[in-house]
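Single-letter residue listing:
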Amino acid sequence: MKPTDNPKTYRVKSFGCQMNVYDGERMAELLATRGITPAPEGEDADLVVLNTCHIREKAAEKVYSDIGRLVKAGEARGRKPLIAVAGCVAQAEGEEIMARAPAVSMVVGPQAYHRLPDMLDRAVAGERGTDTDMPAIAKFASLPDRRKSPPATFLTIQEGCDKFCTYCVVPYTRGAEISRPFADLLTEARKLVEAGAREITLLGQNVSAWSGEDDKGHRQGLAGLVRALARIDGLARIRYTTSHPADMDEDIIAAHGEVDKLMPFLHLPVQAGSDRVLKAMNRSHTVESYLKLLDRFRAARPDLALSGDFIVGFPGETESEFEQTLALVDAVGYAQAFSFKYSPRPGTPAATMDGQVAPDIMDERLQRLQAAINRDQFAFNRNSVGRTCEVLIERRGKRPGQWLGKSPWLQSVWFEGDCAIGDLVEVELAEAGPNSMRGAPRAAIAA
Ligand code: SAH
Ligand code: SF4
Ligand code: F3S
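This report concerns the structure included in the present document. Computed from a predicted model, the values in this text were never measured in an experiment.

1. Describing the site of ligand 3
So, point 1. Cys17, Asn20, Cys53, His54, Ile55, Cys88, Arg174 and Gln205 make up every residue found near ligand 3.
So, point 2. Tallied by class, residues from the shell around ligand 3 come to 4 nonpolar, 3 polar and 1 charged.

See the structure below:
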């Protein structure tokens, strides 16, 4: 490759989970420290970072069509952009991307992106490079502080996963479970609050596996971390995602009943409603143990809103096993949930299992499952009408004087009033829609 000019503008496109979005924001900040600015909306950028996701085939294939589009647009304007492929596809298929897509000059994995600026220097000099090392948590120390934070923001507390569900690529793309140290997290959370955060969502592929030593040398789990964060003045709300049923202990259940700042919302993926399928997935819970766990959470926090993830069409799933998933949804009454068609991922045990389910059957099951989830989400919203709660304003609505934010139960709430982004406003939930609530503000609450 020939040397090129230093890029002046960048665009980071994130395709994956919240951790992927978090990584995308950190990469943008790293590029900003180099004086590169975000490309204005609608304009081509000099440097494009494709921050990819490998979780399902559709997501992974997107990267190649995107590269093709960028090359075409670059040819049309007579100047090709520098292209970096980051994220979980980069980790899983780095060499393949380099071979298949000559237009890509940088491939950088999710644990190595703090080295993106150095790679960029080399790319500008005409050198292509791949960095998919997994140097534990080194990257966090090398990332710039966030000087400005939106009211609701994310903090990665843990990376990787040791669970090896048989369908999932995450243990391969993100590596083994690693917890960031307690003191680092408290420091970063305080800085985020100073920078404007009112709500922090603790992120990790498996946050319930977080553990660390507090300032007194005591071992703490997720609940200990939540309690310590709750003591930060100015921080109003704490959430966490994603957790695994196997790691949820008595302490985190109790924290939901005791820590006011911990929001009454729990995303606890179950994946399927048949014990045979759960076993084949290498999930360590049964339907009964999952439901019992939810009962304990609800006993600690009766208004807890529940969320989950589901896969339909796992290899060997029969119609009656799928119906058990529908029965589980009926039994729980989720406030929201995500559902996916099973996608065979290279290198995972399930990809070569017998009984792969036909696409049209998966389509049909997904539709039925989503109809059940949507029904329950609407019911949850209707049951919330009349409740008074705080809404954290995250952005303006379409019309003047209209504001959008989240209820404690993570519902989107819109309302009209005289307030500002970052305000916590007391609102009565006045009207329910399938995906959002209309609120009627009571009064702005002081910080
Ligand atoms: N660490 C989280 C999230 C993992 S990825 C957890 O364990 O819950 C998010 C969701 O994607 C998973 O919960 C699962 O429902 C879905 N998923 C993962 N691999 C998949 C695959 N091969 N096909 C379809 N859905 C998948
Ligand atoms: Fe994937 Fe299972 Fe780990 Fe979640 S717990 S990231 S689904 S292996
Ligand atoms: Fe996708 Fe990687 Fe997240 S595979 S879901 S971006 S951890």
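2. Here's the deal with the sheet that holds strand E14 (residues 265-267)
So, point 1. Read from one edge to the other, the open sheet built from 3 strands follows the order E14-E15-E16, with strand pairing classed as parallel. Among the strands making up the open sheet, the edge pair consists of E14 and strand E16 (336-341). Mean inter-strand twist for the sheet, computed between neighbouring axes without regard to direction, equals 10 degrees.

3. Looking at the site of ligand 2
So, point 1. Every residue lining ligand 2 is accounted for by Cys161, Lys163, Phe164, Cys165, Tyr167, Cys168, Val170, Pro171, His244 and Arg283.
So, point 2. Partitioned by chemical class, the residues of the shell around ligand 2 number 7 nonpolar, 1 polar and 2 charged.

4. Quick word on the packing of aromatic side chains
So, point 1. Across all of its chains, the model carries 4 aromatic pairs by this definition.
So, point 2. A ring pair is formed by Phe164 and Tyr172, whose centres lie 5.6 Å apart and whose planes are at 75 degrees; its orientation type is edge-to-face.
So, point 3. Classification of Tyr172 as partly exposed rests on a relative accessible area of 40%.
So, point 4. The structure contains a cluster of three or more aromatic residues connected by ring pairs, namely Tyr167, Phe314 and Tyr342.
So, point 5. Taking NZ or CZ as reference, Arg56 lies 3.7 Å from the ring centre of Phe340, over its face.

5. Looking at the layout of surface pockets
So, point 1. If you add up the space inside the second largest pocket, you get close to 370 Å³.
So, point 2. Residue assignment for the lining of the second largest pocket shows that the elements contributing at least two residues are helix H2 (57-77), E16 and helix H13 (359-384).
So, point 3. For the lining of the second largest pocket, the per-class residue count stands at 7 nonpolar, 3 polar and 4 charged.
So, point 4. Built from parts of two domains, the lining of the second largest pocket gets at least three residues from each of domain 1 (9-136) and domain 3 (300-384).

6. Observations regarding the sheet that holds strand E5 (residues 104-108)
So, point 1. Spatially, E2-E1-E3-E4-E5-E6 is the arrangement adopted by the 6 strands of the open sheet, whose pairing is parallel. Two strands lie at the open edges of the sheet, namely strand E2 (37-38) and strand E6 (129-131), each paired on one side alone.
So, point 2. Relative to E6, E5 runs parallel, the two being bridged by 3 bridges. Note that in E6 the partner of Met106 across the bridge is Gly129.
So, point 3. Lying on the sheet, helix H1 (residues 18-33) is in contact with strand E1 (9-14), strand E3 (47-52) and strand E4 (82-86); it crosses E1 at an angle near 170 degrees.
So, point 4. Against the sheet, helix H4 (residues 116-124) engages E3, E4, E5 and E6, with an angle of about 160 degrees to E5.

7. So, unusual backbone geometry
So, point 1. The linkage connecting Thr241 with the following residue, Thr242, adopts the cis geometry, with an omega of 0 degrees.
So, point 2. Within the secondary structure, Thr242 is located in the loop between strand E13 (237-241) and helix H9 (250-258).
So, point 3. Despite not being glycine, Phe164 shows a phi value in the positive range, around 50 degrees.
So, point 4. One can find Phe164 in the loop between strand E8 (158-159) and helix H6 (170-173).

Each value, and the rule that gives it
- Residues numbered from 1 in each chain as written.
- Chains lettered and ligands numbered in written order.
- Predicted model: local features only at pLDDT ≥ 70, side-chain atom pairs only at ≥ 80, totals over all residues.
- Heavy atoms only, no water.
- Near = heavy atom within 4 Å.
- Nonpolar A, V, L, I, M, F, W, Y, C, P; charged D, E, K, R; others polar.
- Pairing = 2+ DSSP bridges.
- Helix = DSSP H or I, 4+ residues; strand = E, 2+ residues; numbered from the N terminus.
- Axes fitted to C-alpha atoms, helices over the stretch in contact; angles between N-to-C directions.
- Phe/Tyr/Trp six-rings, centres within 6.5 Å; stacked < 30°, edge-to-face > 60°.
- Buried < 20%, exposed > 50% of the residue type's maximum accessible area, 1.4 Å probe, protein only.
- Lys NZ or Arg CZ within 6 Å of the ring centre and 35° of its normal.
- 1 Å grid on protein atoms, 1.4 Å probe; cavity = no way out; pocket = protein on both sides within 12 Å on 5 of 7 lines; lining within 4 Å.
- Points joined across faces, edges and corners; volume = space filled by probe spheres on them.
- Domains from an automatic or database assignment.
- Contact = heavy atoms within 4.5 Å.

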